[in-house]
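Residue strings, one per chain:
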Amino acid sequence: MKKLLFTIVMAAMSATSLFAQQSGDRSLGFTGGFSFSDEENVPNTFVAGIEGQLGFFFVNNFKIGIDAVYAFERQNVDNGGNFLTHVWGLGPLVSYYVKITDKLYYTPEIIGDFTWGTLYLKQPKTKYSYGRALSKEGNLKGKSISLVPFQIEFHPTERVGITASICAATASYLEYTDDPDEVHHGGYKINFGLNPTVGVVIYLSREKSSM
């Protein structure tokens, strides 16, 4: 009886493991999100971004890949104008899949990006102007590393996953220049805050169950 029970349990585990992320699988993902903050040193700041990821499972449940991101930031200034920042990033990612149910996974992730971008100042509108003047203030470059500790992925089908996360911790270094040969300032920043995102992951080489 014990032997029969053991056989049934092992068979069930083998069947459900077919839905796990297996060695050799590849994935293509797209994510989008936004955040808003109103702190003393960075008042009324809105950030929105989109992200693309190409991943490869070199062992079961462990994914490495390449991350590409574009982010837009708008920050109000005292005189009613806005700083507008466009940032692009590219770098590696590591993600681990912990099975909760057959269709639900806990997927914490670490992402490192090399970033570059452009900063503009949009002047406030006045009664003497018909529109807001847009002027380029300088270029940005830097690097960052982000930890996404609370991310889940739901699988409505075997080849499609829907991801959701609510926050991220990011450490970054950013330099600002308005001349190719002169760095005006550089600084480190650590941020842990709400950053809700949702996305879709498509698995390109998932094997079908042979049941």
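Residues numbered from 1 in each chain as written. Predicted model: local features only at pLDDT ≥ 70, side-chain atom pairs only at ≥ 80, totals over all residues. Heavy atoms only, no water.

Novice: Describe the overall build of the protein chain, listing the residues and the values that go with them.
Specialist: What the protein chain contains, in helices and strands, is one helix and 11 strands. Counting only residues that meet the buried cut, the protein chain has 29% of its 211 residues in that class. By sequence separation, contacts in the protein chain at least 24 residues apart represent 61% of the contacts at least 6 residues apart. Of the roughly 13,300 Å² of accessible surface on the protein chain, 65% is carried by carbon and sulfur atoms. (Helix = DSSP H or I, 4+ residues; strand = E, 2+ residues; numbered from the N terminus. Buried < 20%, exposed > 50% of the residue type's maximum accessible area, 1.4 Å probe, protein only. Contact = heavy atoms within 4.5 Å. Areas by Shrake-Rupley, 256 points an atom, 1.4 Å probe, with all protein chains shown as cover.)

Novice: Any details on a nonpolar patch on the surface? Residues and values, ideally.
Specialist: On the surface, a nonpolar cluster with roughly 1,100 Å² of combined accessible area is contributed by Leu-28, Phe-30, Leu-54, Ile-66, Trp-88, Leu-90, Trp-116, Phe-154, Ile-162, Val-200, Ile-202 and Leu-204. Secondary structure elements with two or more residues in the nonpolar patch: β1 (26–37), β4 (82–96) and β11 (185–203). Position of Trp-116 among the secondary structure elements: in strand β7 (residues 109–122). Judged by its relative accessible area of 44%, Trp-116 is partly exposed. (Patch = residues over 30% accessible without salt bridge, like charges linked within 9 Å, V, L, I, M, F, W, Y side chains within 5 Å. Salt bridge = Lys/Arg side-chain N within 4 Å of Asp/Glu carboxyl O.)

Novice: Go over the pattern of salt bridges with me, naming the residues and quoting the values.
Specialist: Per the stated rule, a full pass over the model turns up one salt bridge. A salt bridge links Asp-102 to Lys-99; the shortest N-O distance between them is 3.1 Å. For Asp-102, a relative accessible area of 36% corresponds to the partly exposed category.

Novice: Tell me about the pairing of strand β10 (residues 160–177), residues and numbers included.
Specialist: Pairing of strand β8 (residues 134–148) with β10 involves nine bridges; the strand directions are antiparallel. The residue bridging Lys-143 from the neighbouring strand is Tyr-173, located in β10. With four bridges joining them, strand β9 (residues 151–154) and β10 adopt antiparallel strand pairing. Looking across to β10, one finds that Phe-154 is bridged to Ile-162. As consecutive antiparallel partners, β9 and β10 are separated by five residues. (Pairing = 2+ DSSP bridges.)

Novice: Help me get a handle on the confidence of the model for the protein chain, residues and values and all.
Specialist: Here the protein chain averages 78 in pLDDT, and 72% of its residues register 70 or above. Here helix α1 (residues 2–17) stands out as the element of the protein chain with the lowest mean pLDDT, 38, in contrast to strand β6 (residues 104–106), whose mean of 95 is the highest. (pLDDT = per-residue confidence, 0-100.)

Novice: Describe unusual backbone geometry, naming the residues involved and giving the relevant values.
Specialist: Phi angles above zero are rare outside glycine, and Asn-61 is one such case at about 70°. Along the polypeptide, Asn-61 turns up in the loop between β2 (45–59) and β3 (62–76).

Novice: Residues and numbers for the packing of aromatic side chains, please.
Specialist: Taken as a whole and assessed by the stated rule, the structure comprises six aromatic pairs. Judged by centre distance (5.5 Å) and plane angle (50°), the rings of Tyr-70 and Trp-88 are tilted. Of this pair, Tyr-70 sits in strand β3 while Trp-88 sits in strand β4, and the two are 18 residues apart along the sequence. Exposure remark for Trp-88: the relative accessible area of 37% places this residue in the partly exposed category. (Phe/Tyr/Trp six-rings, centres within 6.5 Å; stacked < 30°, edge-to-face > 60°.)

Novice: Describe the pairing of β7, and please don't skip the residues or the numbers.
Specialist: Sheet topology note: the β4/β7 ladder contains 12 bridges and is antiparallel. When the bridges of β7 are listed, Leu-84 appears paired with Tyr-120. Strand direction decides the pairing type here: β7 and β8, joined by 14 bridges, are antiparallel. Each residue of the ladder has a partner; that of Gly-117, found in β8, is Leu-140.

Novice: Describe the side chain of Thr-163, listing the residues and the values that go with them.
Specialist: The topology assignment puts Thr-163 in strand β10. Look at Thr-163 and you get buried, because its relative accessible area is 7%. Leaving out residues up to four positions away in the same chain, Thr-163 has contacts with Thr-31, Ile-152, Glu-153, Thr-197, Val-198, Gly-199, Val-200 and Val-201.

Novice: Lay out the environment of Ala-168 with the relevant residues and their values.
Specialist: Mapped onto the elements of the fold, Ala-168 is located in strand β10. Separated by 17 residues in sequence, Ala-168 and Gln-151 have C-alpha atoms that sit 9.4 Å apart.

Novice: How would you explain the environment of Pro-156 if you had to name every residue and give the values?
Specialist: Here Pro-156 lies in the loop between β9 and β10. Spatially, the C-alpha atoms of Pro-156 and Leu-104 are 9.1 Å apart, while their sequence positions differ by 52 residues. In this structure Pro-156 touches Lys-103 and Ile-162, once residues within four positions along its chain are discounted.

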